[in-house]
Amino acid sequence: MANAKEAVAVSPVPFADAGDADAVQDHRVKEYAGAISALPSNPKLRLRCYQGTWVRERWVPGIMAIQRSFTPRRSGDVVLASPPKCGTTWLKALAFATMARDAYPPAHPDHPLLRLNPHDCVPFMEDLFAAGWGSKLEALPSPRLMNTHIQYSALPACISTNPGLKIVYICRDPKDMLVSMWHFIRKTSQPDLSFSDFFEGACDGVCVSGPIWDHVLGYWNASKASPETVLFLRYEEMLRDPVANARKLARFLGHPFSAAEEDSGAVTNVVKLCSFEKLKNLDVNRAALSSFPFRSDVFFRRGEAGDWANHMTPEMARRLDAIVQEKLRGSGLSFA
Ligand code: A3P
């Protein structure tokens, strides 16, 4: 089992443990911040529309910096992509545990995920680059693991057309995503946000990473065009069969579970380590986060499919389903 110091020799390294002595802060992000005021805004949700997507205002300079200065490697980079509230935390844990399992066996009592929130293991690119610290990624050994909420069409070509870089996308039923997002926004910034107002905006495409149908379609089409570089996962399917999805993820990442690992229970151990119940109940996941200005527990709420029924009337659900179905028509993708 590698400890934090030895971890420089293995990868992916938990981001919070990585050394970054050589990182140089990029002050150009201050110029990018100057461009924000010209973008369409939704002050209520503190969103700006950047290149067709509604994103958190503070992410805009980060997205610009990623587009201009992200330096990919020839091979080994893995980008986890998602709209917010679709299982990013879970995917971070699963991808980290799967990729790092030789250095950190999933059943080991000192596994990094037992002492670090998944967001402290896998960096969020928008925030990192918005702070001018994209160069911290340079210090990481390959394979590097990182995540973004950027829509597919706004990814720099060095990410979207790089045959040596893998993208794993996760999405979920937009109704559950919206309910999860509404709870998250209420807990972290706007306790008085009404669900009906939030819902109305989302039906018009205005929510974090909205329009949600565009976000999902971009990655869906990319996964169809290039299945070897873009893996499209669905939260509900992962809940239904987490073991099969962990195997699929490992195969896609080029590190399938061997027969010996299957026999020793490695897949089940990864799934158990990353399960909602396990992560939610760890002390570290109730504490403050180093990577976000709120507590870890906001990322663990119910961990189920179908909570939308507790917040939407059947009419609201039918309306959103119809909008999404229409937008996805002909794509082969459906949430019905
Ligand atoms: P709910 O709010 O519906 O419970 P994200 O990580 O993208 O912010 O998504 C958060 C959603 O994923 C929340 O959904 C959260 O409870 C759920 N979640 C977090 N960790 C999970 C895990 N290990 N397994 C399943 N769901 C998880």
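Residues numbered from 1 in each chain as written. Predicted model: local features only at pLDDT ≥ 70, side-chain atom pairs only at ≥ 80, totals over all residues. Heavy atoms only, no water.

**Notes on the overall build of the protein chain**
Within the protein chain, the regular secondary structure consists of 15 helices and seven strands. The globule rule puts the C-alpha radius of gyration for 336 residues at 20 Å, and the 19 Å found for the protein chain is close to it. Principal-axis analysis of the C-alpha atoms gives the protein chain an extent of 50 × 45 × 40 Å. Within the span of the protein chain, comprising 336 residues, buried residues form 56% of the whole. For the protein chain, the proportion of contacts with a sequence separation of at least 24, taken over those separated by at least 6, is 74%. Accessible area of the protein chain: about 14300 Å², with a carbon and sulfur share of 53%. Within the protein chain, the 36 negative side-chain charges are centred at a point lying 1 Å from the centre of the 39 positive side-chain charges. (Helix = DSSP H or I, 4+ residues; strand = E, 2+ residues; numbered from the N terminus. Rg over C-alpha atoms; globule rule 2.2 N^0.38 Å. Buried < 20%, exposed > 50% of the residue type's maximum accessible area, 1.4 Å probe, protein only. Contact = heavy atoms within 4.5 Å. Areas by Shrake-Rupley, 256 points an atom, 1.4 Å probe, with all protein chains shown as cover. Lys, Arg positive; Asp, Glu negative; His and termini not counted. Charge placed at Lys NZ, Arg CZ, Asp CG, Glu CD.)

**Regarding the nonpolar core**
For soluble globular proteins, nonpolar side chains are generally found buried alongside one another. Core analysis: the largest hydrophobic core is formed by 115 residues, its most contacted members being Phe-70, Ile-159, Val-168 and Phe-198. The element contributing the most residues to this core is helix H3 (residues 88–99), with eight residues. Setting aside anything within four residues of it in sequence, one finds Ile-159 in contact with Ile-66, Phe-70, Val-79, Met-125, Leu-165 and Ile-167. (Core = buried A, V, L, I, M, F, W, Y, C linked by side-chain atoms within 4.5 Å.)

**Points about the site of the ligand**
Around the ligand, 18 residues are found, and the nearest of them are Lys-85, Thr-88, Thr-89, Ser-180 and Arg-302. The contact in question runs from an oxygen atom of the ligand to an N or O atom on the backbone of Gly-87, over 3.1 Å. Separating an oxygen atom of the ligand from a side-chain N or O atom of Thr-89 is a distance of 2.5 Å. Look at the ligand: alone it shows 570 Å² of surface, and the protein chains cover 98% of it. Of all the elements in the fold, those that place two or more residues in the shell around the ligand are H3 and helix H14 (276–280). (Near = heavy atom within 4 Å. Polar contact = N/O pair within 3.5 Å; in protein donor to acceptor, adjacent residues only side chain to side chain.)

**Let's talk about the pairing of strand S5 (residues 145–148)**
Here S5 shows a buried face lined by Leu-145 and Asn-147 and a second buried face lined by Met-146 and Thr-148. In terms of strand pairing, strand S4 (residues 78–81) meets S5 through four bridges, oriented parallel. Each residue of the ladder has a partner; that of Ala-81, found in S5, is Thr-148. (Pairing = 2+ DSSP bridges.)

**What about the pattern of salt bridges?**
Enumeration according to the criterion identifies 18 salt bridges in this entry. A salt bridge links Asp-26 to Arg-28; its shortest N-O distance comes to 3.1 Å. Residue classification places Asp-26 among the buried positions, given a relative accessible area of 17%. A relative accessible area of 39% places Arg-28 in the partly exposed class. The salt bridge involving Lys-175 is made with Asp-321; its shortest N-O contact spans 3.0 Å. Residue Lys-175 is located in helix H7 (residues 174–188), and its partner Asp-321 is located in helix H15 (residues 314–328); the two are separated by 146 residues in the primary sequence. Of the residues examined, Lys-175 reaches a relative accessible area of 4% and is grouped as buried. Relative accessible area serves as the criterion here: at 29%, Asp-321 is assigned to the partly exposed category. One continuous salt-bridge network, built from bridges that share partners, spans Arg-301, Arg-302, Glu-304 and Asp-307. (Salt bridge = Lys/Arg side-chain N within 4 Å of Asp/Glu carboxyl O.)

**Considerations on the packing of aromatic side chains**
Scanning all chains against the criterion turns up 12 aromatic pairs. Look at Trp-59 and Phe-124: their rings are 5.3 Å apart centre to centre, the planes differ by 75°, and that puts the pair in the edge-to-face class. In this pair, Trp-59 is assigned in the loop between strand S3 (53–56) and helix H2 (60–69) and Phe-124 in the loop between helix H4 (118–121) and helix H5 (125–130), connecting sequence segments 65 residues apart. For the pair Trp-59 and Phe-124, one class covers both residues: buried. With a centroid separation of 4.3 Å and 10° between ring planes, the pair formed by Tyr-169 and Tyr-219 is classed as stacked. With a gap of 50 residues between them, Tyr-169 in strand S6 (residues 166–171) and Tyr-219 in helix H9 (residues 212–225) connect regions that are remote in the sequence. Of the two residues, Tyr-169 and Tyr-219, neither departs from the other in class, the shared state being buried. Cation over ring: Arg-172 sits above Tyr-235, and NZ or CZ is 4.2 Å from the ring centre. (Phe/Tyr/Trp six-rings, centres within 6.5 Å; stacked < 30°, edge-to-face > 60°. Lys NZ or Arg CZ within 6 Å of the ring centre and 35° of its normal.)

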